[in-house]
There are 8 protein chains.
Amino acid sequence: MSKKVAILMGSDSDLPIVKGAIHTLQGFGIHVEVHVMSAHRTPQLACDFSAKARENGFGAIICAAGKAAHLAGIIAAHTTLPVIGIPIKSSTLDGLDALLATVQMPKGIPVATVAIDGADNAAILAAQMLAITDDELSIKLSDMKKAMVDEVVAKDEKLQAELNK
Amino acid sequence: MSKKVAILMGSDSDLPIVKGAIHTLQGFGIHVEVHVMSAHRTPQLACDFSAKARENGFGAIICAAGKAAHLAGIIAAHTTLPVIGIPIKSSTLDGLDALLATVQMPKGIPVATVAIDGADNAAILAAQMLAITDDELSIKLSDMKKAMVDEVVAKDEKLQAELNK
Amino acid sequence: MSKKVAILMGSDSDLPIVKGAIHTLQGFGIHVEVHVMSAHRTPQLACDFSAKARENGFGAIICAAGKAAHLAGIIAAHTTLPVIGIPIKSSTLDGLDALLATVQMPKGIPVATVAIDGADNAAILAAQMLAITDDELSIKLSDMKKAMVDEVVAKDEKLQAELNK
Amino acid sequence: MSKKVAILMGSDSDLPIVKGAIHTLQGFGIHVEVHVMSAHRTPQLACDFSAKARENGFGAIICAAGKAAHLAGIIAAHTTLPVIGIPIKSSTLDGLDALLATVQMPKGIPVATVAIDGADNAAILAAQMLAITDDELSIKLSDMKKAMVDEVVAKDEKLQAELNK
Amino acid sequence: MSKKVAILMGSDSDLPIVKGAIHTLQGFGIHVEVHVMSAHRTPQLACDFSAKARENGFGAIICAAGKAAHLAGIIAAHTTLPVIGIPIKSSTLDGLDALLATVQMPKGIPVATVAIDGADNAAILAAQMLAITDDELSIKLSDMKKAMVDEVVAKDEKLQAELNK
Amino acid sequence: MSKKVAILMGSDSDLPIVKGAIHTLQGFGIHVEVHVMSAHRTPQLACDFSAKARENGFGAIICAAGKAAHLAGIIAAHTTLPVIGIPIKSSTLDGLDALLATVQMPKGIPVATVAIDGADNAAILAAQMLAITDDELSIKLSDMKKAMVDEVVAKDEKLQAELNK
Amino acid sequence: MSKKVAILMGSDSDLPIVKGAIHTLQGFGIHVEVHVMSAHRTPQLACDFSAKARENGFGAIICAAGKAAHLAGIIAAHTTLPVIGIPIKSSTLDGLDALLATVQMPKGIPVATVAIDGADNAAILAAQMLAITDDELSIKLSDMKKAMVDEVVAKDEKLQAELNK
Amino acid sequence: MSKKVAILMGSDSDLPIVKGAIHTLQGFGIHVEVHVMSAHRTPQLACDFSAKARENGFGAIICAAGKAAHLAGIIAAHTTLPVIGIPIKSSTLDGLDALLATVQMPKGIPVATVAIDGADNAAILAAQMLAITDDELSIKLSDMKKAMVDEVVAKDEKLQAELNK
């Protein structure tokens, strides 16, 4: 059976950003489980979820958190699954705090960090991981890449039409 | 009986910085316990230590960590004791990563952050916390303040002597 | 008698941020005294307040200031009580100036710095300091921690309901 | 047959950093192919390598580059395999330029970014990706996690011995 | 025949900024060709455009891109024409990511970088390049410089009138 | 009688930087008084010095301090004399902390800030202030400007000689 | 006769910020001359103004400019009068570019830099410079300082009234 | 006759960096003129050089300067030739000050900025500008590009040999 992807967010205020990841994964036909879970407010729940994630059928865990974003790091401490971190921009410092707190992990415990507020890319990255050994999913990713080319070409054609009016 | 202070460091490479805190606390006659303990490599040990710190006689916990420094935050998640964070400068970014990962804690879980590599001040801050209800320790802190005045005045006198040679 | 907590702010424009700290401390049953006081515009008042804070029954002093935030440092220079600094975000530099001016204190004079605009955490930290030797207050802090777990769990349940609609 | 991991570096001066990744992957029994390849100096070679990486048996591609680090992004543009980026610290800006140029990828083309100079973690992350569907490799990662606990515990014991001398 | 200038933008959302460059170049009587083209989404189109730009009559290529802005670098990798990069400010980090990803190019492949969102200056710079051997265009640039003096002097006179009312 | 200039430094470790200012001022024939004085360790001495500086014959006060550099701000709080701040680079953050803590002063209390470690310029600025109404000193400043031209011209001539060898 | 103060701004869009400086100086009874003048668009006018400023009766020159703010530096290159720089926040980078371009002047040519957008403080600093040898102006500055104390005390009293309602 | 390229540096201490540009340009057979010239210390010489550069046979001007690097901007203010800026790293702030002071030019006066200390790229960029209408030089640039490919391929082959030993 296909692996699931978990999406954990430190606060329900992150949902508007995280929704992009949910839709992207579901678009690939990947089963997604989403939770509000905090490294600092519900550390025990987070540790337990992570420790059992592999046996519960997950293939990758996406974590979104802002400020001193520790969620991805703590989840990564309790599992050998790949953990993807989305640094969330909050009211100060433009997301730089979350970026550094997510990406600068010490030796031994990596977090695969994507761009600040980059939820769609976190989902694509999770799909790429699952697609390493899943040819069907790999074809869907290729199709998405081709659709991106078509979309850019269409935008360029529209631009030419506008500029030549 | 007086409360103890715990000093936890994410890596034994932080010891040269942390030593300043050990000596300062011992100079105040405060009992210190020092451990290498990692939020990411030994998360269970860290959680357990923190959860039992109050009942084990600790009054404050000092945490030193570099890079995506999560140790102080994780310790703070498991105790109601005040937690003091020392951001450690590592080989890149001059300690800014550790500073932001330590100080920018979300609502509900504060970390009392001192300067990058500021181990002595972490120790003085811990002593100030214990001294809130400990008049004897409070007098030692006052004496230290007076000694600092004397030290600066002596340096100024030495400077005058040098400049007037 | 229980120790009081002082909250000093460099400008009355900081009140909207600081109010969170007032309410949090009062919620713990801690007596709070609040003042507008400036390191630069009323330095003498600030020095006097700080020098007499311990004998006036205070156990900790919270200072909120923006830009080249010197208030916490100056207060800390005149007392052996623990001083908590809240860096306030102002119109430029996103609070980084206030953060560095508050946290990077020289050896001998610590300021326990919390997140930019982190007034609630400053209040919780002050309560944690007072609770080192106050079991009743310590229990209130534990209860707050449990309430945070319940709140996150409730948000997660609400999220599951929404996603499964 | 097991998937291979490619390690590409923008310049042979990155080899001292990258060696950590080679050894870590080989320690897991993963076949590694290493190349000097530049997004700017040999763009065609880089595009070709990436476009054929999946059919050539690779499961993940690690890219190390400094300054305006474009290598990981360009490789990611030509494959649906997960691409891991190691930002390399160069003579100015402490690696911040490479970090931002690697992690801040636009929607559609993720790069799984690890810490500045974090080659070991890039290798572990690649292994975690391959281990999603490889139980044997997953056990090796668990063993490595346990060895990290033992190592930290041993360092703590050594510290206790030193401090109690 | 006079050389043309190409303006490439990574996304059609950059058009409001880029329009300034189009108008400025057309004001100099320079023929402009504008395209939406992405280093990551349409890498092959970008490489092909760049590789043939000189023989297709272009004298300079302006590239506008945000975040991990690789477009200018990739274009520069495939041509010996001068390439001008406009770092575009996006939703986080205020354009610093795009600035560093554009300007910090490795040895051998320069990108002539202008200010964040500095599209007008990119156009003037392209015109200056073409004017090295084009006296007529050089005179137009001198005239623009004189017009700038007149404009500032007029603003100063208006200010004097206002202040003396 | 001519006004004196005071140079205050937060720590005697700042002397190697500050010496440049002493020599520059003495070269202009300005009487200099130098003190080690700390905003945090000897706040009362600093306040007293500043409050009496004008009546004691000073025309300007130069303050050098590192990290959360409060010295210039505190001195400025107690005098109406112009106060010049030299941000000192310390072991972390490359002087950015001292720069922001010195220059970002709140409305009402300016500090005339010069470059990080810019002691010579602090001295020249103090001389320029005294020279507003001192024609003799003004001529010395003009002479220094002319000498700078000669020095650059000489260096250029030496360079031409070298390159043409 | 009293010295005048010049206020130069790089663009008339800086006027809303600069107005604070005009009013503050006029409040001290200082004669002010205000000009739009650009280091880059009208360099000759700027050089001429500066070169003749002292003989034209000016005692200090305030320069406001944003982005790569060169105005203060260029003015300082042509006069021995003290030059005060106001870094102006523009649409990107929050004023950090203007701050560094204003304050980091090379040896020999100081610019007295105030806070980003700190026009009022630039005016007070200019008044302090003129007051070095002007007792009447010095008294006005003392009165302003006293008024600041009264204002803060009044705000504190108003706060006490509000909190005790 | 072919256009010359001027290289101006703010201080003779920049020569070790700038030498790379001299050699690169001479390698292309381009005539180079090198001068020490300062925006602040010899502003008149700089303005005069720039104003006459076109008529004196120059096609582009390269300016290297550190800290509040104004040289490129001032040169650009006086000519319609393209001006290339090399931000030089100095003792503090890792070149960020010079980068922002060089690249963030206001509308109307572009500076073509290359990487911090990127002298070689400044030279290549100047050659690319001259090569817009110079086919022979354009071929030399293509040859250099091909040599870069060969060099990288050779390094990769050497690496393969080492790894397979």
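Computed from a prediction, not measured in an experiment: that's the story for all the values here.

Parameters at a glance
Every chain begins its residue count from 1, and numbering advances along the sequence as written. All chains are assigned letters beginning at A, and all ligands numbers beginning at 1, according to the order in which they are written. The predicted origin of the model limits local features to residues at a pLDDT of at least 70 and limits the giving and counting of side-chain atom pairs to 80 or more, whereas totals for whole chains, interfaces and linings rest on all residues. The basis for every side-chain value is the complete set of heavy atoms in the structure, and neither hydrogens nor water enter the calculation. Starting at the N terminus, helices and strands are each numbered in turn, a helix being any DSSP run of H or I of at least four residues and a strand any DSSP run of E of at least two. Accessible area is worked out with a 1.4 Å probe on protein chains only. A residue is then buried under 20% of its type maximum, exposed over 50%, and partly exposed in between. It only takes one pair of heavy atoms within 4.5 Å for two residues to be counted as in contact. Only the protein chains shown count as cover for residues, and the accessible areas themselves come from Shrake-Rupley with a 1.4 Å probe. We count Lys and Arg on the positive side and Asp and Glu on the negative side, and we leave His and both chain ends out. Here the site of a charge means NZ on Lys, CZ on Arg, CG on Asp, or CD on Glu. The term buried area denotes the loss of accessible surface (1.4 Å probe radius) that occurs when two parts are joined, taken as the sum for both partners. One speaks of a salt bridge when a side-chain nitrogen belonging to Lys or Arg is within 4 Å of a carboxyl oxygen belonging to Asp or Glu. Residues adjacent in sequence count toward polar contacts only when both atoms are side-chain atoms; beyond that, a polar contact is any pair of N or O atoms within 3.5 Å, and within protein one must be able to donate a hydrogen and the other to accept it. The copies were overlaid with a least-squares fit restricted to C-alpha atoms from residues scoring a pLDDT of at least 70 in each copy. Basically, the charged four are Asp, Glu, Lys and Arg, the nonpolar ten are Ala, Val, Leu, Ile, Met, Phe, Trp, Tyr, Cys and Pro, and anything else, Gly included, counts as polar. Comment: axis = line fitted to C-alpha atoms, over the contacting stretch for helices; angle = value between 0 and 180 degrees taken between N-to-C directions. Angles are sorted into four bins: roughly parallel if under 35 degrees, roughly antiparallel if over 145, roughly perpendicular if 65 to 115, and oblique for all others. Left-handed describes a crossing whose near helix is turned anticlockwise from the far helix by less than a right angle; the clockwise case is right-handed. The source of the domain bounds is an automatic or database domain assignment.

(A) Broad picture of the overall build of chain A. If you tally the helices and strands in chain A, you get six helices and five strands. Its C-alpha atoms put chain A at 60 × 45 × 30 Å along the principal axes. Residues counted as buried form 65% of the 165 residues belonging to chain A. Sequence separation of 24 or more characterises 65% of the internal contacts of chain A that already satisfy a separation of 6 or more. When the accessible surface of chain A is summed, it comes to about 5,500 Å², and 52% of that surface belongs to carbon and sulfur atoms. When the 15 basic and 18 acidic side-chain charges of chain A are each reduced to a single mean position, those positions are 4 Å apart.

(B) Spotlight on the interface of chain F and chain H. Counting from both sides, the interface comprises 16 residues of chain F and, opposite them, 17 residues of chain H. For the pairing of chain F and chain H, the buried interface totals around 1,300 Å² over both sides, and the portion due to carbon and sulfur atoms is 68%. If you look at where chain F meets chain H, you find one salt bridge. Notably, a salt bridge pairs Lys155(F) with Asp12(H), separated by 3.5 Å at the nearest N-O pair. Applying the counting criterion to the chain F and chain H interface returns six residue pairs in polar contact (both at pLDDT 80 or more). Among the elements that line the side of chain F that touches chain H, the one with the most residues is helix H6 (residues 135-163) of chain F, at 10 residues.

(C) Region of interest: the relation of the copies chain F and chain H. With an RMSD of 0.0 Å, the fit of chain F onto chain H corresponds to turning through 90 degrees and sliding 0.0 Å along the axis. Here the two chains are linked by the operation of a four-fold rotation axis.

(D) Quick peek at the interface of chain D and chain A. Listed per partner, the contact involves 42 residues of chain D and 42 residues of chain A. Three residues, Thr80(D), Pro110(D) and Ile132(D), lead the burial of chain D against chain A; their summed loss comes to 19% of the area buried on that side. The tally of links between chain D and chain A comes to zero salt bridges. Across the contact surface, chain D and chain A share 21 residue pairs in polar contact (both at pLDDT 80 or more). In terms of residue count, the dominant contributor to the side of chain D that touches chain A is helix H5 (residues 119-130) of chain D (seven residues). Class assignment of the residues belonging to the side of chain D that touches chain A gives a composition of 25 nonpolar, 12 polar and five charged.

(E) Inspection of the packing of helix H1 (residues 15-27) of chain E against helix H5 (residues 119-130) of chain E at higher detail. Residue and element names in this part refer to chain E. Two elements in contact, H1 and H5, have axes separated by 7 Å at closest approach and are oriented at 30 degrees. Our classification of the angle between H1 and H5 gives roughly parallel. Crossing hand, H1 versus H5: right-handed. For the pair H1 and H5, the contacting residues are Ile17, Val18, Gly20, Ala21, Thr24 and Leu25 in the first and Ala119, Asp120, Ala123, Ile124, Ala126 and Ala127 in the second. Considering only residue class, the contact of H1 with H5 consists of nine nonpolar, two polar and one charged.

(F) Spotlight on the domain arrangement of chain A. All names here are of chain A. Domain parsing of chain A yields domain 1 (4-133) and domain 2 (138-165). A C-alpha centroid distance of 30 Å is found between domain 1 and domain 2. Counting from both sides, the interface comprises six residues of domain 1 and, opposite them, four residues of domain 2. For the pair domain 1 and domain 2, the interface holds zero salt bridges.

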